[in-house]
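What follows is the residue order along each chain.
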Amino acid sequence: MFWAWRNSGEDRVRYALPRLDLARAEVGLQSKVLPVLREYCWDCHGDGASKGDVALDAFTNTPALLANRRLWERVLHVIASGEMPPAKKPQPDAAARQQLVQWLDSTLFPVDPDRPDPGRVTLRRLNRAEYNNTIRDLVGVEFQPAEDFPEDDVGYGFDNIGDVLSLPPLLLEKYLSAAERVMDAAIVEGPRPPPVRQIAASQLRGGADNGPMRGLASNGELTVEIQAPAAGSYSVEVRAHGDQAGPDPARMTLRMNGRDVESFEVKARSREPGTYAATVPIPAAGAHTLAVAFVNDFYQVKTVERKRPGKRPVQEEVTEDRNLWIHDLTLTGPTDVALPLPVFHQRFMDRGPADSDAESARKFVGAFVRRAWRRPVSTAELDRLMTLYGQARETGATHASAARQTLTAVLVSPHFLFRGELHPDPDNPGVIRRVGEHALASRLSYFLWSSMPDDTLLDLADRGRLRAELEPQVRRMVRDPKARALTDHFAGQWLGLRTLGFLEPDREKFPAFTEDLRRSLRGETERFFEHIVTGDRPVMDFLLADYTFLNGTLSRHYGVPGAEGEAFVRVSLSGTPRQGLLTQGSILALTSNPTRTSPVKRGKWVLENLLASPPPPPPPGVPELEGGDRLRGSLRLRMEQHRENPLCASCHERMDPIGFAFEHFDGIGAWRDTDGKDPVEPSGRLNTGESFTDHRELNALLASARRPDFLRCLTEKLLTYALGRGLEYYDRPAVQRIVQDLETGNGRFSDLILGVVNSAPFQLRRGEGDPNAPRGEG
C-alpha cells in the first residue's frame, strides 16, 4: 500500500489507492461470471465463434481480463445497457445480469469515488488554434502566425491531446519564424508598413482538398474570412492554375462580401501557376468574406478516332474537364491609409519620465513574461532575459530592436510553447496533489477559450483566490466572446463540422448543393450549439430541441418558413418533421455518400458521437454495398440482403435501424417521401428491443431509454477535450458523478461544464507510473 498526504499548506491528499484482491476476484469469475457467459454469450463469442471479432472464451482467468480492459469495458457497457445478448436471443434474468455487471465493474475498475485517482498529465504543446489565440490575446497582432504550421495530429477525436501532439523539427523552425514575425509586427521602427496576410489553400472553405492546393471541379467558390484593420484599398494576389478544356481558358472571379471585384482568364497550367492581382476596396474595418469563384465550368465526353500504324483506327471516349485550382492568396493593406502604431508598441513606449531604457525594458518584459508564461516569473528568470537585452544593446541594437529580440526569446521558450504543471514527486504515482492556482487558470482558459488566462484569472491566481471564486469565473468565461472556441474546436470536432468544407456531393444528384448552402448548413449547427452553451439550455436540447437557427437559404432548402436573407434567426420547428441535431442538414450531409444517403454512416455516427458505443471495424474481405452485384431493389431491401452475410449482421443490426429512421432526409438534408421510386420506410427496431415508427420516435427513445448513454457520451467527450488526454478506467467515478448530477439536476450545459471543472481529474494530478505497481509505504 502506498500513500499520499493531505496538508492544508501543501494541497496534498492522504489515502491508500485501491488495490484489487485477485484471489477473491478469481473465485467470483469461476463461480458466477463464466457460467453466465458460457450459457448466454458463447454461442456467438466462444467455442470457436467470434462474432464481431470478439471471442470471450479466450479469457478464462482474471489476469487475462485485466490485460484487455478496453474490450471488457465494452462488454460491461453492452451487458449493462441490455444491448447484449441481442433481443432475439435467450436472456439472463435480472439478478444474473446485475451480478455479472457488478463483478466486471469492481474487478476491471477498482476505484473509490471518495479516493479518486486523477490520472497523469502529459506535457503538451499548444496546438495551432491555441497558439494563434494566445498570440492574439498576448500581443494583439492582426494575423494568425500558426497558419503555416504542420497540421496537428488527432487523438480520441480531438487535436489538443498531449500524447499525439508531436514536435517535428520543421515545427521548431516555424516557431522561431513566427515569433520573429509577431514581434516585428508588434514593435515597429519607422513608418508602419501595410500588414501582409498569407492565406494557404488549406484555410479556404469549399472545393476539394489536394494537398497544397484547393480545387473547384464545377462552378462554385472558395471563401475565407478576413479581418480588415481599417477601411481602404487592399491588394489581393491569387496564385492559381486551370485544368484547361473546351474552347476557353478557365475563368476566375474575385469577390468581396458576395460582390464581383474582377475576373481573370486563368491560362496557367499546373507546372507554372500564374499570379493574378487586383485592388479591392474595403469600406470598413472588421470582418469580411473574400472569395475566389470558378465561373465557366466545362465537361464533355466525346468519341474520337485514334489511328494506329498498320491497323484499323479505333473509337475512343475522351473526357474534357475544365477545373480551377488555387494555390494561395496574399492580402496586403490597407495600402492607401497610414495605420496607427500597434497598441502593443504604444504600451511598450509608455514609460516613466525617469526610467532609463534598461529600467523601462525590465518592467515591460517582466509584465509580458508573466502573461506569456501564465505564471509568476522569478528574479533569476527575468535576469537571464535582461542579459539578452543588454547583449543586444552592446552590439549596437536600438532599444526597440533589443526588446524585440528579448520578447522573441520569450515566445520560443518551452514555458510559452508548452502547457505543463510541476509536480514535487513526479515519479511517485501515489502522490496526489491539487494543481496550483496558476495551472488551474490555464486549464480553465484553454478549455473554454483555447487561449491564455486573462488578467482577471491571473490576478485571482496570484492571490490564491481562483478556487474560491471558481463558479462565477466559469460563468463569466462562458459569456465571453472568446468562448466561441468551444463551438469552433469542441463542437467542430465532436460533431464533425470541420469536415463539411471537404464534402463533395454529386452535383448531378444534388444540384441544390452550393457553396452558400454548405456555409449555411455549418452555420445552423454552430449557432445551435452556441445557443445551448451561452443560453445555458438543457443538454437534452441536442436531441429534442423544437427550434433551430435558419437563414433564407436554409429556410427554402428545408421548406420551413421564418427566415429571409443571410442573417440567421431562431425559428420554431413546431409542426415540422425536424427536431434537434439529428435532422440538421450538416449532420445528414456528413453522414451520406456523394450519390445517396447512407443508413450505415448515419447509424454509426449516432453510436459513436451520441451513445459512446462505436461498432467495431468491418471484417477484412467484406465488400461494400455497392460491390454486391446480386443486390437488387430499394436501398433498404439491398441493405437487408447485405445483412444476410453473417460477418455483417452483428454490427449492421445495431447501425442500420438507426440510420433508416432518417431516410426521409436526402443526402444534403432535404425532406423527401420516396427514395427513387420506392416509398421511404423509416420504422425499425433497436437491437435492445425497442421499436419506433420514424425518426421522432427514435429521438424520443434516445432521450429516454438511452438517456444515460447520451449523457455519458457527452460527458466523456467534453472531459476528454478539457483534459487533453484519453479517459482511463480510473476516470469512471468522475464521469458517473457528472452524469448523476445532470440526471438529478436541471441538466443544463453549465452543469456539465461545472461538473468537468470541479471533477478530480481536472482539479488534481498525480505522479507518473502504475498506481497498482508494488511500492513500499512512504
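Residues numbered from 1 in each chain as written. Predicted model: local features only at pLDDT ≥ 70, side-chain atom pairs only at ≥ 80, totals over all residues. Heavy atoms only, no water.

## Focus: the overall build of the protein chain
Thinking step 1. Of the regular secondary structure elements, the protein chain holds 28 helices and 21 strands.
Thinking step 2. The C-alpha atoms of the protein chain give a radius of gyration of 30 Å, which matches the 28 Å a tight globule of 778 residues would have.
Thinking step 3. By principal-axis analysis of the C-alpha atoms, the protein chain measures approximately 90 × 85 × 65 Å.
Thinking step 4. Residue burial in the protein chain is summarised as follows: out of 778 residues, 52% are buried.
Thinking step 5. Carbon and sulfur atoms make up 51% of the accessible area of the protein chain, which amounts to about 35,200 Å² in all.
Thinking step 6. Within the protein chain, the 107 negative side-chain charges are centred at a point lying 1 Å from the centre of the 99 positive side-chain charges. (Helix = DSSP H or I, 4+ residues; strand = E, 2+ residues; numbered from the N terminus. Rg over C-alpha atoms; globule rule 2.2 N^0.38 Å. Buried < 20%, exposed > 50% of the residue type's maximum accessible area, 1.4 Å probe, protein only. Areas by Shrake-Rupley, 256 points an atom, 1.4 Å probe, with all protein chains shown as cover. Lys, Arg positive; Asp, Glu negative; His and termini not counted. Charge placed at Lys NZ, Arg CZ, Asp CG, Glu CD.)

## With respect to the pairing of strand 6 (residues 232–243)
Thinking step 1. Pairing analysis gives 9 bridges linking strand 6 to strand 9 (residues 274–282), with the strands arranged antiparallel. Bridged to A240 within strand 9 is G274.
Thinking step 2. In this sheet, strand 12 (residues 311–332) lies alongside strand 6 in antiparallel orientation, the contact comprising 9 bridges. Within strand 12, the residue paired with S235 across the bridge is T332. (Pairing = 2+ DSSP bridges.)

## Let's talk about the packing of aromatic side chains
Given two aromatic rings, their pairing is described by the distance between the two centres and the angle made by the two planes.
Thinking step 1. Within this structure, the stated rule accounts for 25 aromatic pairs.
Thinking step 2. With a centroid separation of 5.3 Å and an interplanar angle of 85°, the aromatic rings of F665 and W671 are classed as edge-to-face.
Thinking step 3. Taking relative accessible area as the criterion, W671 reaches 34% and is therefore assigned partly exposed.
Thinking step 4. Each residue in the set F158, F447, F490, W494, F528, F529, F542, Y547, F549, Y721, F749 and F762 is aromatic and connected to the rest through ring pairs, giving one cluster.
Thinking step 5. A cation sits over an aromatic face here: R578 above Y558, 3.6 Å from the ring centre.
Thinking step 6. Positioned above the aromatic ring of Y730, the side-chain terminus of R766 is 5.3 Å from the ring centre. (Phe/Tyr/Trp six-rings, centres within 6.5 Å; stacked < 30°, edge-to-face > 60°. Lys NZ or Arg CZ within 6 Å of the ring centre and 35° of its normal.)

## Concerning the packing of helix 6 (residues 128–139) against helix 9 (residues 357–372)
Thinking step 1. Contact geometry for helix 6 and helix 9: axes closest at 11 Å, N-to-C directions at 150°. Relative to helix 9, helix 6 is oriented roughly antiparallel. As for how helix 6 packs across helix 9, the hand of that crossing is right-handed. Contacts between helix 6 and helix 9 involve D137, L138 and V139 from the first element and F368, R371 and A372 from the second. (Axes fitted to C-alpha atoms, helices over the stretch in contact; angles between N-to-C directions. Parallel < 35°, antiparallel > 145°, perpendicular 65-115°, else oblique. Left-handed = near helix turned anticlockwise from the far one by under 90°. Contact = heavy atoms within 4.5 Å.)

## A word on helix 4 (residues 69–81)
One turn of the α-helix equals 3.6 residues, which is why residues spaced by three or four share an orientation.
Thinking step 1. Taking 1.5 Å as the rise per residue, helix 4 with 13 residues should run 18 Å; its terminal C-alpha atoms sit 18 Å apart, in good agreement.
Thinking step 2. Residues of helix 4 that are buried include every one of L71, W72, V75, L76, H77, V78 and I79, and no others.
Thinking step 3. Where helix 4 is buried, its residues touch helix 1 (22–40), helix 3 (62–66), helix 5 (94–108), helix 25 (707–723) and helix 26 (732–744).
Thinking step 4. Among the residues trailing helix 4, G82 stands out with phi positive, at a value near 90°. (Expected span 1.5 Å × (residues − 1).)

## Remarks on unusual backbone geometry
Thinking step 1. The amide bond that connects G333 to the next residue, P334, takes the cis arrangement and shows omega of 10°.
Thinking step 2. Within the secondary structure layout, P334 lies in the loop between strand 12 and helix 8 (343–349).
Thinking step 3. Positive phi outside glycine occurs at D47, with the angle close to 50°.
Thinking step 4. Structurally, D47 is set in the loop between helix 2 (42–45) and helix 3.
Thinking step 5. Of note, R374 is a non-glycine position whose phi angle comes to about 65°, a positive value.
Thinking step 6. Inspection of the secondary structure assignment puts R374 in the loop between helix 9 and helix 10 (379–394).

## Considerations on the pattern of salt bridges
Thinking step 1. What the rule picks out here adds up to 47 salt bridges.
Thinking step 2. Its salt-bridge partner being E728, residue R70 comes within 3.5 Å of it at the nearest N-O pair. Of this pair, R70 sits in helix 4 while E728 is found in the loop between helix 25 and helix 26, placing the two residues 658 residues apart along the sequence.
Thinking step 3. Owing to a relative accessible area of 28%, E728 belongs among the partly exposed residues under this scheme.
Thinking step 4. Its salt-bridge partner being R370, residue D459 comes within 3.0 Å of it at the nearest N-O pair. Of this pair, D459 sits in helix 14 (residues 455–462) while R370 sits in helix 9, and the two are 89 residues apart along the sequence.
Thinking step 5. Among the charged side chains, a salt-bridge network with shared partners connects E221, R255, D260, D516 and R519. (Salt bridge = Lys/Arg side-chain N within 4 Å of Asp/Glu carboxyl O.)

## Quick word on the sheet that holds strand 5 (residues 220–228)
Thinking step 1. Taken together, the 4 strands give an open sheet; going across it, the order is 5-10-7-8, and neighbouring strands pair in antiparallel fashion. Two strands bound the open sheet, and with one partner strand each, they are strand 5 and strand 8 (259–266). In this sheet, adjacent strand axes meet at a mean angle of 20° when their direction is disregarded.
Thinking step 2. Bridging between strand 5 and strand 10 (residues 286–294) involves 9 bridges; their strand directions are antiparallel. Paired with V224 across the strands is L290, a residue of strand 10.

## A word on the packing of helix 16 (residues 484–494) against helix 25
Thinking step 1. Between helix 16 and helix 25, the shortest axis-to-axis distance is 11 Å and the interhelical angle comes to 120°. Here helix 25 runs oblique to helix 16, going by the angle between their axes. Of the two possible hands of crossing, helix 16 and helix 25 adopt the one that is right-handed. Along its contact with helix 16, which presents A485, L486, H489, F490 and W494, the element helix 25 presents L714, K717, L718 and Y721.
Thinking step 2. Grouping the constituent residues of the contact of helix 16 with helix 25 by class yields 7 nonpolar, 1 polar and 1 charged. (Nonpolar A, V, L, I, M, F, W, Y, C, P; charged D, E, K, R; others polar.)

## Observations regarding the pairing of strand 4 (residues 213–216)
Thinking step 1. Here strand 4 shows two buried faces, one formed by M213 and G215 and the other by R214 and L216.
Thinking step 2. By the bridge criterion, 3 bridges tie strand 3 (residues 208–210) to strand 4 in an arrangement that is antiparallel. Paired with D209 across the strands is R214, a residue of strand 4.

## A look at helix 14
Thinking step 1. Regarding helix 14, the residues found buried are L457, L458, L460 and A461. Taken around the axis of helix 14, the buried residues stretch over an arc of 160°, which confines them to a single face.
Thinking step 2. The first or second residue beyond helix 14 is G464, which carries a positive phi of 70°. (Arc of directions from axis to C-beta.)

## Re the side chain of D117
Thinking step 1. Here D117 shows up in the loop between helix 5 and strand 1 (124–125).
Thinking step 2. Only 2.9 Å separates the side chain of D117 from the backbone nitrogen of G119, close enough to count as a polar contact.
Thinking step 3. Side chain to side chain, D117 and R766 meet in a polar contact 2.6 Å long. (Polar contact = N/O pair within 3.5 Å; in protein donor to acceptor, adjacent residues only side chain to side chain.)

## Structural notes on the side chain of D152
Thinking step 1. Tracing the backbone through its elements, the reader meets D152 in the loop between helix 6 and helix 7 (169–186).
Thinking step 2. Within the structure, D152 has its side chain in polar contact with the backbone nitrogen of R128 (distance 2.8 Å).

## A closer look at the state of the cysteines
Thinking step 1. All chains considered together, the criterion is met by 0 disulfides.
Thinking step 2. The cysteine C41 is free of any disulfide, with C44 supplying the nearest cysteine sulfur at 8.7 Å. (Disulfide = S-S within 2.5 Å.)

## Things to note about the environment of A491
Thinking step 1. Relative to the helices and strands, A491 resides in helix 16.
Thinking step 2. Apart from the residues within four sequence positions on either side, A491 is in contact with L486, G496, L497 and F529.

## As for the environment of P273
Thinking step 1. Considering the arrangement of structural elements, one finds P273 in the loop between strand 8 and strand 9.
Thinking step 2. Given the relative accessible area of 25%, P273 is considered partly exposed.
Thinking step 3. Once residues lying within four places of it in the same chain are set aside, the contact partners of P273 are R239, A240, H241, A268 and H327.

## Notes on the confidence of the model for the protein chain
Thinking step 1. When pLDDT is averaged across the protein chain, the result is 88; 91% of the residues are at 70 or more.
Thinking step 2. Throughout residues 1–10 the model reports pLDDT below 50, and contacts reaching past four residues in sequence, or to other chains, amount to 36 contacts.
Thinking step 3. In this model residues 771–778 is a low-confidence stretch, pLDDT under 50, and it forms 22 contacts with partners more than four residues away in sequence or in other chains. (pLDDT = per-residue confidence, 0-100.)

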